[in-house]
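Overview (structure and organization)
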Amino acid sequence: MKIPILDLKPATAELRAELDAAYRRVMDSGWFLLGPELEAFEREYAANVGTTHCIGVANGLEALQLVLMARGIGPGDEVIVPAHGYIATWLAVTHVGAKPVPCECDEATYNLDAGRAAGLITPRTRALLPIHLYGQTADMTALNALAAKHGLFVLEDGAQSHGALCQGRASGALGHAAGISFYPSKNLGALADAGAVTTSDPVLADKIRHLRNYGSKVRYQNEYPGMNSRLDEMQAAFLRVKLPHLAAWNRRRRDLAARYLQGLAGVGDLVLPHVPAWAEPVWHLFVVRTGHRAALQKHLEAHGIGTQVHYPVPPHLSGAYRASGWKRGDFPLAEKLADEVLSLPIGPHHTGAQVDEVCARIREFYRK
Ligand SMILES: *Cc1c(COP(=O)(O)O)cnc(C)c1O
């Protein structure tokens, strides 16, 4: 049995007729940017998240960057980011000229830890930028309380958490604004790059609407030095086809995660994902930890099972931040996680039998 870590073809096959119809609708309209499909998707996605505004943009990185720009966060400012996570979150801060301040994560959930973040706040701190990593939200109750106490802005990185809940409230509506990615492999993925900002702040929403389009809402009236970061009509139309299926697809991921948690309980040195009582994750990834990662990966590969590491290099040790002077040992937990995490196959089109096979092969590995 071949079990790929990721295969996007079955999702396309499931929705083939609707995607083809969306493609034809946009092609025949002759209108490819800032049109009716984008407007409709923005309405539908805001309703799904529970914010009053959604602004479609070109990708997840620029969604985060546009929010920081709109808030006037830039040189001399600091933004607290998780030390363990994807580098895009840090790059959004770097690209507006501000300084990402890494914070070790909560060891049980791998998410930004409010207690540790509190110790990093300085007079220059402007915002908290938690990632809802692997599809589970950070503890937003604690982070929002910390932010309120210090007058900080809270920007969620919602790239991996479409549909995830924190205390029953949806990812994307848990802070002042959220940057969302619809990169093809995300829980809600377009067929190319795409992203969005969600917020219930009308002033911020209006500014981002300008900033994504050269700082202009009325043609040739440019209010701000903006970017070109638009979500095109074709991708908006595809996302409108997929959005109504998100909840069911997330349910399938949840069933598979439950199966993994059962099938791998107490096996070897595996550390399984921890889900706090207030969290309802959407399992963008199913990530285990082990001190025998390379050997386990090799064993699974030999049996046709794909795995991946999210992420092997912590951002502070990546070439992109060489000039910042961070070195090995600065963020030991992030470095340890980078050495130990392993993502197992999970997606709405994986089957229970496939998960059972992965679990059986992992148990076999630890028996040897
Ligand atoms: C995918 C991802 C991004 C970036 O999204 P793009 O659309 O690829 O720019 C940012 N943050 C996290 C946590 C991601 O997983």
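Just above sits the structure.
My aim in this report is to walk through the structure given alongside it, one point at a time. These numbers were taken from a predicted model, which means no experiment stands behind them.

Parameters at a glance
Residues numbered from 1 in each chain as written. Predicted model: local features only at pLDDT ≥ 70, side-chain atom pairs only at ≥ 80, totals over all residues. Heavy atoms only, no water. Near = heavy atom within 4 Å. Polar contact = N/O pair within 3.5 Å; in protein donor to acceptor, adjacent residues only side chain to side chain. Areas by Shrake-Rupley, 256 points an atom, 1.4 Å probe, with all protein chains shown as cover. 1 Å grid on protein atoms, 1.4 Å probe; cavity = no way out; pocket = protein on both sides within 12 Å on 5 of 7 lines; lining within 4 Å. Sits in = over half its atoms within 2 Å of the grid points. Helix = DSSP H or I, 4+ residues; strand = E, 2+ residues; numbered from the N terminus. Nonpolar A, V, L, I, M, F, W, Y, C, P; charged D, E, K, R; others polar. Points joined across faces, edges and corners; volume = space filled by probe spheres on them. Domains from an automatic or database assignment. Core = buried A, V, L, I, M, F, W, Y, C linked by side-chain atoms within 4.5 Å. Buried < 20%, exposed > 50% of the residue type's maximum accessible area, 1.4 Å probe, protein only. Contact = heavy atoms within 4.5 Å.

**Description of the site of the ligand**
Taken together, 13 residues form the shell around the ligand, and within it Gly60, Asp157, Gln160, Ser181 and Lys186 come nearest. Leu61 is positioned with one of its backbone polar atoms (N or O) 2.9 Å from an oxygen atom of the ligand. About the coverage of the ligand: the protein hides 91% of its 380 Å² of free accessible area. Under a 2 Å grid-point criterion requiring more than half of the atoms, the pocket assigned to the ligand is the largest pocket. If you list the elements that add at least two residues to the shell around the ligand, you get helix H4 (60-70) and helix H5 (87-95). Residues of the shell around the ligand, tallied by class, amount to 6 nonpolar, 5 polar and 2 charged.

**Structural notes on empty space enclosed by the protein**
Counting across every chain of the model gives 1 cavity of 30 Å³ or more. Every residue lining the largest cavity is counted, 15 residues in all, and those nearest its centre are Leu133, Tyr134, Gln136, Pro273 and Trp283. A class-by-class count of the residues in the lining of the largest cavity yields 11 nonpolar, 4 polar and no charged. Counting contributing residues, the lining of the largest cavity receives three or more from each of domain 1 (9-244) and domain 2 (245-367).

**Some thoughts on the nonpolar core**
Ranked by internal contacts, the top residues of the largest apolar core, which has 34 residues, are Tyr260, Leu264, Leu270, Phe286, Val288, Leu344 and Ile362. Every element with two or more residues in this core is listed here: helix H10 (246-263), strand E13 (286-289), helix H11 (293-302), helix H12 (332-340), strand E14 (341-344) and helix H13 (352-367). Contacts of Val288, omitting those with residues within four sequence positions, involve Leu264, Leu270, Val271, Leu272, Glu340, Val341, Leu342 and Leu344. Ranked by size, the runner-up nonpolar core spans 28 residues in total, among them Leu68, Ala205, Ile208 and Tyr321.

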